[in-house]
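What follows is each chain in one-letter form.
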Amino acid sequence: AGVGAAPCWRPPAPHLLPDVGSPPGPARPLVPQQVETVPQQGQSRSDCTTLETERLLQQLPVAALRLPADTVHNLAQLGIERIGSLLALPRNEIPARFGSLVLQRLDQALGRQPEVIVPHRTPSEIEAIHSFEYPTDRLEVVTYALDRLTERIQQPLCERNCAARRIECWFYYPSEPPLRLEVGLFRPSRSPQYLGMLLHAQLEQVRLAEPVSALRLHVSAAEPVVDGQAEFFETGQSDGIAGAAALVDCLSSRLGPDAVTHVRMVPDFQPEYACRFEPMIPRIADLRLQIADRKKHSRKIGNPQSAICNPFLRPLRLWPKPVGIEVMSAVPEGPPFQLRWAGKKYRITRSWGPERIETGWWRGQDVRRDYYVVATDVGTRLWIFRRGEDERWFLHGSFD
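Residues numbered from 1 in each chain as written. Predicted model: local features only at pLDDT ≥ 70, side-chain atom pairs only at ≥ 80, totals over all residues. Heavy atoms only, no water.

## Things to note about the overall build of the protein chain
Here is step 1: For the protein chain, the helix and strand inventory stands at 10 helices and 12 strands.
Here is step 2: Taken over 400 residues, the protein chain has a buried fraction of 32%.
Here is step 3: For the protein chain, the share of sequence-separated contacts (at least 6 apart) that also reach a separation of at least 24 residues comes to 56%.
Here is step 4: As displayed, the protein chain has an accessible area near 26800 Å², and 55% of this comes from carbon and sulfur atoms. (Helix = DSSP H or I, 4+ residues; strand = E, 2+ residues; numbered from the N terminus. Buried < 20%, exposed > 50% of the residue type's maximum accessible area, 1.4 Å probe, protein only. Contact = heavy atoms within 4.5 Å. Areas by Shrake-Rupley, 256 points an atom, 1.4 Å probe, with all protein chains shown as cover.)

Below you can see the structure in the form of structure tokens.
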């Protein structure tokens, strides 16, 4: 140490330390308190630490200071790619040339300026609770309290600019397990009257086991509200979409979510499995599975959807089960020129194909088909195939 230097602790020689290895855990970033340097005459310990930190930061790129991309680009245009080049500039000229954020990041990296870490706090759940003074089995009292709960959850939804996509209503009994009702919405809503109507439809279908002692309304899924531009001339299209969404919500509440379905296309080679029926209002677990399936299929090489034939060559109508027909062709494996279906003969004027469709062993029963698109003399276009194992012909769809 120099003359007048304060005593400083020095680690023992490496050969005197036991060989225990590095403790497990994540790597720790460099902070000024982790650097120990012997201060020279006229230097304090903090000044010595800052100098050592500057030496270690000089070879790092300026992007390590967490600067905006445009600022990093402007510095690179001037040939300043390392923090050492930035430290070599006059300190009072940095804010005027590159902005005050550059100097602030430098001081934070050197420990001259504190950096407050703002924690990310999970927002509280949106729910409302009502407890009765005495348990009640009167339906009008329960529905009145339920309407008040829908009004209470509207304010936190408006504060977060969100709308409920799925809500849960819990009915608590003095001794029996609580009753849970769940309402899903096709389009998010935060209208108390609309949510109350859907909850009333659910409540009419159940029977309360005991008098209700408390109610709890919980928003299990919420989505941001997207503002739409109003039309200058009313066309009624927006009212039609809102009316369709209300119809889906009402039917799902009364008949159950599995009773109101829509068709979803599936990238599968076998036509019978190329679509499936899914609820119009999916459950939360189904939404998570769909997201996981999309991520899994996006990582696969050679998506099956790219190998499927052009969708315009698929019929608009597909029979649930292929219908057996009689077909005549010039050669055993050649294109057809006449077919007999439902007791009528049709002459084939033009045909396209064949398109070979096969399935793997994991389906249980192997499928090997040669599909043809045929046009008949009466103007119909049909989708027929020849089965590979017995050379029989079947009608599978129609383009009409």
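## So, the pairing of strand 3 (residues 179-189)
Here is step 1: Two elements, strand 2 (residues 162-172) and strand 3, share seven bridges in a ladder whose sense is antiparallel. The partner of Trp170 across the bridge, within strand 3, is Arg180.
Here is step 2: The turn linking strand 2 back onto strand 3 is made up of six residues. (Pairing = 2+ DSSP bridges.)

## Some points on the pairing of strand 9 (residues 344-358)
Here is step 1: In this sheet, strand 9 lies alongside strand 8 (residues 336-341) in antiparallel orientation, the contact comprising four bridges. Residue pairing in the sheet places Gln338 in a bridge with Arg347 of strand 9.
Here is step 2: In this antiparallel pair of consecutive strands, strand 8 and strand 9, the connection spans two residues, and Ala342 shows a positive phi of 55 degrees.

## A few points about the nonpolar core
Here is step 1: Counting 27 residues, the largest nonpolar core has Ile153, Ile167, Cys169, Phe171, Leu199, Val212 and Leu215 as its most contacted members.
Here is step 2: Of all the secondary structure elements, the ones that give two or more residues to this core are strand 1 (127-136), helix 6 (139-159), strand 2, strand 3, helix 7 (192-203) and strand 4 (212-224).
Here is step 3: Top contributing element to this core by residue count: helix 6, with six residues.
Here is step 4: Contact partners of Leu199, with chain neighbours within four places excluded, come to Leu146, Thr150, Ile167, Cys169, Val183 and Leu217.
Here is step 5: Formed by 14 residues, the second largest nonpolar core is a distinct cluster that contains Ile80, Leu86, Leu106 and Leu110. (Core = buried A, V, L, I, M, F, W, Y, C linked by side-chain atoms within 4.5 Å.)

## Things to note about the state of the cysteines
Here is step 1: The full count for this structure, using the stated rule, is zero disulfides.
Here is step 2: Note on Cys162: no disulfide assigned, nearest cysteine sulfur contributed by Cys158 at a separation of 10.0 Å. (Disulfide = S-S within 2.5 Å.)

## Topic: helix 6
Since the α-helix advances by 3.6 residues per turn, residues separated by three or four positions end up pointing in the same direction.
Here is step 1: Along its 21 residues, helix 6 runs 32 Å from first to last C-alpha, staying within 8% of the 30 Å computed at 1.5 Å per residue.
Here is step 2: Inspection of helix 6 places Val142, Thr143, Ala145, Leu146, Leu149, Thr150, Ile153 and Leu157 among the buried residues, and these make up the whole buried set. Along the axis of helix 6, the buried residues cluster in a sector spanning 160 degrees; they form a single face. Exposed residues lying more than 90 degrees from the buried face of helix 6 are Tyr144, Gln155 and Glu159.
Here is step 3: Buried positions along helix 6 lie against strand 1, strand 2, helix 7 and strand 4.
Here is step 4: Phi for Asn161, located one or two positions after helix 6, is positive at around 55 degrees. (Expected span 1.5 Å × (residues − 1). Arc of directions from axis to C-beta.)

## Regarding the confidence of the model for the protein chain
Here is step 1: Looking at the protein chain as a whole, the pLDDT averages 79, with 77% of positions reaching at least 70.
Here is step 2: Across the protein chain, element-level confidence peaks in strand 1 with a mean pLDDT of 94 and bottoms out in helix 10 (residues 304-307) with 41.
Here is step 3: Taken as a whole, residues 1-41 scores under 50 in pLDDT and shows 28 contacts with residues more than four places along the chain or in a different chain.
Here is step 4: pLDDT under 50 marks residues 298-309. Its contacts with residues more than four places away, or in other chains, come to 10 contacts. (pLDDT = per-residue confidence, 0-100.)

## Some points on the sheet that holds strand 1
Here is step 1: Strand order in this open sheet of four strands is 1-4-2-3, and the pairing throughout is antiparallel. For this open sheet the edge positions go to strand 1 and strand 3, each flanked by a neighbour on one side alone. With strand direction ignored, the average angle separating the axes of adjacent strands in the sheet is 15 degrees.
Here is step 2: Strand contacts of helix 6: strand 1, strand 2 and strand 4, with the helix running at about 160 degrees to strand 1, the strand carrying the most contacts.
Here is step 3: Each of strand 2, strand 3 and strand 4 is contacted by helix 7, which is oriented at about 140 degrees to strand 3, the strand it contacts most. (Axes fitted to C-alpha atoms, helices over the stretch in contact; angles between N-to-C directions.)

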